[in-house]
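# A closer look at the structure
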Amino acid sequence: ELRAEAGSNGSDHSISLTGQLALFTDTLTSTRHDIEKKDLVVMPFALLVLAARVGSLRLMLIPICCLILSLSSALGLFLPFAVFVVDISPLAPSTMVFLGIALAIDYSLFMLTRYMEEVQSGASTEMSLKSMMRQSGHVVMISASVLIICYVGVLFYPSGGIATIGLGASLTVFLCAATNLMLTPSLISTFPGFFGAESARSRIERRAGRRCGRISCCSGGCWQRIAHVVTKQPGVILIPIACLAFLLPACAVLMHYHESFANTLTFPAKSDTSLAYHQLISEFPAGKLSPQYVLIPAGPNNATVRSDEYFNFSCDIANALLQELSVEPFHLKATDFLSPALLPVPVPSLGPSGSSADGELKCLRWNSTAKDARHPFGPITAEVLLSLPGDVGESYREQWNKLVSYKTGEHSSLLMLTVPFDPFSDTLWPFVIAARNAIAKATGNRTADAHVLGKDIVTTVDDAQSNVMLFGTLTVVFDIVQVTYGRLPYIVSGTVIAVFSLIAYAFKAALAPVKMLVTVVVPLAAVFGIAVWVYQFGALDWLPGGPGNNPFTSPPGGGFYWAAPVFTCTIIIGLALDYDVFLFARVIELRKKGYSNPAAVRGGLTLTGPTITAAGLIMAIAFGGLLLSDVPSNNQIGFVMAFGVLMDTFVIRTCLVPSVLTLAASLNYWPQRMPEPGPLEVEMLQHDCEPDEPFSR
C-alpha cells in the first residue's frame, strides 16, 4: 500500500518495510510457498522411485491413498494445536509434509515389496499378507517407534519453535505407520481381484523377458557381489578401515564448529523485507532493531522509582555497564544509554548525554539538589524535569513514559542499550557475559553506597539486586542457546539409550544395538563435519551465484546456524537406524531359518538392498526439497538430513553394518539361541544367488 501510494504521487523515492515482525511474516509466507513449490517437485520423483521398485501400477494406488490419508490427518490434527495452543515454528508444517511424503512411501515400499516377494514365491493372497504383516509390519512398527522417540527428544529443548517441530513430526510418523499398517492389508483383502496374488502373478507372467519382475532388479548381480565383498576377507576388514579413513577427516572439521546467530540465516534471502533489512544495517547501527534492556526494580514494600536511592542505584548500574562495554569489541558510548536517571539531551560542558572526559555517565537525582562528581546537575532533578515546560521537559517526559512501569505503579524502570554492533553476530556471546558481569559488580557494591547515604535501605537494595535482569533479543537467544547446548548431551544420550533399548527388546538381541551404534557414530559425525565445511568454511562458495545465492552456501557473515545441528542431531540418528533395523530384521529371519551367520548377512543385504536403496533415495529426495527453500537455515537443515540419509543408505547400511555383523557373530543374537546352520533353502533365494555362489560359502 505504501508503494502504491508513492507510485500514485509520481515519487522517485523507494519505500521498504522491515523489522522483526515484518521479517517473521515474510518467513511464514515464504514457508507456505516453499511447501507448495517443493511438493510439485518432490512428489513425482518419490513416486517414480517407488513405481520403479514395486513394478505394479495397481499397487501404486495403495501408497498414494496412504500418503493422502496420513498427511491430511496429521495436518488436520496439528492445526487446532497451532491455532489455539501455541505459536508454531514456520518449519513445522514443512517438516511434516516432507516427512509424511517420505515415510508414507517408504513404509508402503517395505510392505509391498515383501508382499510381492511372497506372491512370486507362489503364496496365496492370505499367506502373502500374513507374511507381510509378520515381517515388514513388525519392522515398520519398530521403525516408527524409533523415529517417534527421536522426535520426542526434540520436545525437551527450551525453544518452543523447535519443540513444535518435534511434536508435529512425531504425530506424522505415528499416522504414517498406522495408516500403512491398517490400510495396506485392508485394501488388498477388500479387492483381491485387483490387488490379489493371482492377479499379480498373471501380470508378472505376461512380462516376458523380466526375471521375477522389477522386485528382483539387481538382486543376482550388484547386490550379491557387494554382499560377498563386504562380508568376506579381506573386504570385511579393509572396507570399514577405508570408510573410517575417509570419514575421520570430516569428523576433525566438526571440532572447529562455531555456532552462528546471524539474522540473515532465518529470513528469506530475496524478499523485499530482507533486502530492506540489509540496507538498514548498512546505513544504521544494526542494534537499533534489537535494543537491549536492563530491568531495575525499586524493591519490596511497594517502593517506587521516585527516590534518590533508586536513581543512585540506576546510575551505578549504567556506569558499570558503560565501563565494561565501552571496550573492544562492543564500543558502547554514553549516547547508547537511555534511562530515567540520565538526562535525555547533550550537555555541552560535559559532552554527549552528560558524559565527562573520563567516560563516566553523569546522572540525575530524583529531588536532591546536592552536587558531586557523578551528579553535577544540582537543581536540575528528575522531579523538576517532569514538570518543566519546553523541549527538554517534553523530551524527558517522553523518556519517562517509555521506560518507567505504569501498570504496576512505577515500581521499576528500564535502562535501554542500543548496541552499535550487529546483535546477531559472534559478539552476542561475550556481550551478554560482560553485561551480566557488570550488573553483578554494580549490585554487589551497593551495600556500601547505602551505608554512605546514611539510610537503612540495605534490605531493599539486596532484594532489588536479585531481580536486576538483562533481557532483549540478544539475551533471549543467548539463554536459549546456552540451555539448549547444555541439554543436548543429555537429550542425545537419553534418545540413544531409549532407541537401542527398544531395538534390543524388539529383536531380543541385547548386544546387536551396541554394534549398530559403533557403525553410526563416526559417519553421522562426519555428516555434521561436512556441513560445517560447506556452510561455515564456505567450501562450495565457488558455485554459481556465490555466497548466499545457492542452497549450498551461507550469506556473507552467515555460517552454520546454531539450531541446525540441534534439531537434526537426534533425527538423523533415528533415520540412520531406520534402514539398519530393516536389514537386521531380515538377517535374523534368515538366521532362524538355519542359515549360517555369514550367509544370513549376505542374504539380508542382497534381499533388502534394492528396497532400502529405493527408500533412502525417496527420503533424501523428500528432505532435499528443503534445499529449494528461500530461507538459508532451512537449506542447511535439508542438507544435513538428505546427506545423512544418503550416508546411511550407501555407507553405513551397505558397508559398515554387514561387516560388523559378520565379525563377532555370536554377539549379534545373544541371548537368543539360534539353530545350527542346516541345509540351505536355496529355492527361497535362488533368484538372489548365482548358481555357483551359494550363501553358505
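To start, this report covers the structure provided alongside it. Values in this document were obtained by computation on a predicted structure and should not be read as measured data. (Residues numbered from 1 in each chain as written. Predicted model: local features only at pLDDT ≥ 70, side-chain atom pairs only at ≥ 80, totals over all residues. Heavy atoms only, no water.)

## With respect to helix α19 (residues 512-535)
As a reminder, the rule being used: In this text, helices come from DSSP runs of H or I with a minimum length of four residues, and strands from runs of E with a minimum of two, each type numbered from the N-terminal end. Given a helix with a known number of residues, its expected span is that number minus one, times 1.5 Å. Bend angle per residue: angle between axes fitted to the 7 residues ending at that residue and the 7 residues starting there. Burial classes: relative accessible area under 20% of the type maximum marks a residue as buried, over 50% as exposed, and values in between as partly exposed (1.4 Å probe, protein chains only).
The end-to-end C-alpha separation of α19 is 35 Å, in line with the 34 Å expected for 24 residues at 1.5 Å each. The principal kink in α19, of about 25°, is found at valine 520, preceding the proline proline 523 by one to four residues. The element α19 is largely enclosed, with a buried count of 18 among its 24 residues.

## As for empty space enclosed by the protein
Here is the rule: With a 1 Å grid laid over protein atoms only, a set of points is called a cavity when a 1.4 Å probe fits there but cannot get out and a pocket when it is open yet has protein on both sides within 12 Å along at least five of seven lines; lining residues have an atom within 4 Å of a point. Grid points are joined across faces, edges and corners, and a volume is the space filled by probe spheres set on the points.
Under the criterion given, the structure shown has 3 cavities of 30 Å³ or more. Counted as a void, the largest cavity has a volume near 70 Å³. Around the largest cavity, the lining residues are Arg114, Gln135, Ser136, Val139, Phe582, Ala585, Arg586 and Glu589. Contributing elements (two or more residues each) for the lining of the largest cavity: α5 (125-154) and α20 (563-592). The biggest single contributor to the lining of the largest cavity is α20, with 4 residues.

## Some remarks on the layout of surface pockets
Computed from the structure, the largest pocket encloses a volume of approximately 990 Å³. If you go around the largest pocket, you meet 32 residues; those closest to its centre are Phe24, Pro90, Ser159, Thr266 and Tyr561. The set of elements that each furnish at least two residues to the lining of the largest pocket consists of α2 (20-54), α6 (160-190), α18 (473-507), α20 and α22 (632-662). In terms of residue count, α2 provides more of the lining of the largest pocket than any other element does, 5 residues in total.

## Remarks on the pairing of strand β2 (residues 292-297)
Remark: a regular strand shows side chains that alternate across the two faces of the sheet. Condition: When DSSP finds two or more bridges between a pair of strands, those strands are recorded as paired.
Across 6 bridges, the pairing between β2 and strand β4 (residues 412-417) is antiparallel. Each residue of the ladder has a partner; that of valine 294, found in β4, is leucine 415. As judged from the 3 bridges shared by β2 and strand β5 (residues 469-471), these two strands associate in the antiparallel manner. Each bridged residue has a counterpart across the sheet, and for tyrosine 293 the counterpart in β5 is phenylalanine 471.

## Here's the deal with the packing of helix α3 (residues 61-84) against helix α4 (residues 91-120)
Note the cut-off: Axis definition: a line fitted to C-alpha atoms, limited for helices to the stretch in contact. Angles are taken between N-to-C directions and run from 0 to 180 degrees. What sets the label is the angle itself: under 35 degrees gives roughly parallel, over 145 gives roughly antiparallel, 65 to 115 gives roughly perpendicular, and the rest give oblique. The sense of a crossing depends on the near helix, which, turned anticlockwise from the far helix by less than a right angle, makes the crossing left-handed and, turned clockwise, makes it right-handed. Two residues qualify as a contact provided that any one of their heavy atoms is within 4.5 Å of a heavy atom in the partner residue. Each residue gets one label: Ala, Val, Leu, Ile, Met, Phe, Trp, Tyr, Cys and Pro are nonpolar, Asp, Glu, Lys and Arg are charged, and the others, such as Gly, are polar.
For the pair α3 and α4, the least separation of the axes is 9 Å and the interaxial angle reads 150°. When the axis of α3 is compared with that of α4, the two are roughly antiparallel. Once α3 is placed against α4, the crossing between them reads as right-handed. Only Ala92, Met96, Val97, Gly100, Ile101, Ala104, Ser108 and Leu112 of α4 make contact with α3, whose side of the interface consists of Ile62, Pro63, Cys66, Leu67, Ser70, Leu71, Ala74, Leu75 and Phe78. Taken together, the residues of the contact of α3 with α4 sort by class into 14 nonpolar, 3 polar and no charged.

## Some thoughts on the packing of α20 against helix α21 (residues 597-624)
Contact geometry for α20 and α21: axes closest at 8 Å, N-to-C directions at 155°. Compared by their axis directions, α20 and α21 come out roughly antiparallel. Crossing hand, α20 versus α21: right-handed.

## Quick word on the state of the cysteines
This is how it is decided: The definition used for a disulfide is geometric: two cysteine sulfur atoms within 2.5 Å.
Summed over all chains, the structure comprises 1 disulfide. This cysteine, cysteine 65, is not joined by any disulfide, and cysteine 66 carries the nearest cysteine sulfur, 7.0 Å off. On the accessibility criterion, cysteine 65 (37% relative accessible area) is partly exposed. We note that cysteine 655 lacks a disulfide partner, and the nearest cysteine sulfur, in cysteine 243, lies 4.5 Å from it. Overall, the relative accessible area of 16% leaves cysteine 655 in the buried class.

## Digging into the sheet that holds β5
A sheet is described by the order of its strands in space; here 4 strands give the open sequence β3-β4-β2-β5, paired in antiparallel fashion. Since the sheet does not close on itself, it has two edges, and those belong to β3 (337-338) and β5, each with one partner. By the bridge criterion, 2 bridges tie β3 to β4 in an arrangement that is antiparallel. Paired with phenylalanine 337 across the two strands is leucine 417, which belongs to β4.

## With respect to a nonpolar patch on the surface
For the record, the criterion: Patch membership needs two things, relative accessible area over 30% and no salt bridge, and members are linked within 9 Å if like-charged or within 5 Å if nonpolar (Val, Leu, Ile, Met, Phe, Trp, Tyr). Where accessible areas are quoted, they stem from the Shrake-Rupley method and a 1.4 Å probe; at the residue level, only the protein chains shown are allowed to cover. Salt bridges are defined as contacts in which a side-chain nitrogen from Lys or Arg sits within 4 Å of a carboxyl oxygen from Asp or Glu.
Nonpolar side chains collect at one region of the surface, where Leu79, Val83, Phe84, Val85 and Val86 lie side by side and expose about 530 Å² of accessible area between them. Counting through the fold element by element, leucine 79 comes out in helix α3. A residue is classified by how much of its surface remains accessible, and leucine 79, at 53% relative accessible area, is exposed.

## Overview of the pattern of salt bridges
Once the charged atoms of two side chains with opposite charge are near each other, the side chains can pair. Within the structure shown, the criterion is met by 12 salt bridges. The network of salt bridges with shared partners includes Arg114, Glu117, Glu118, Arg586 and Glu589.

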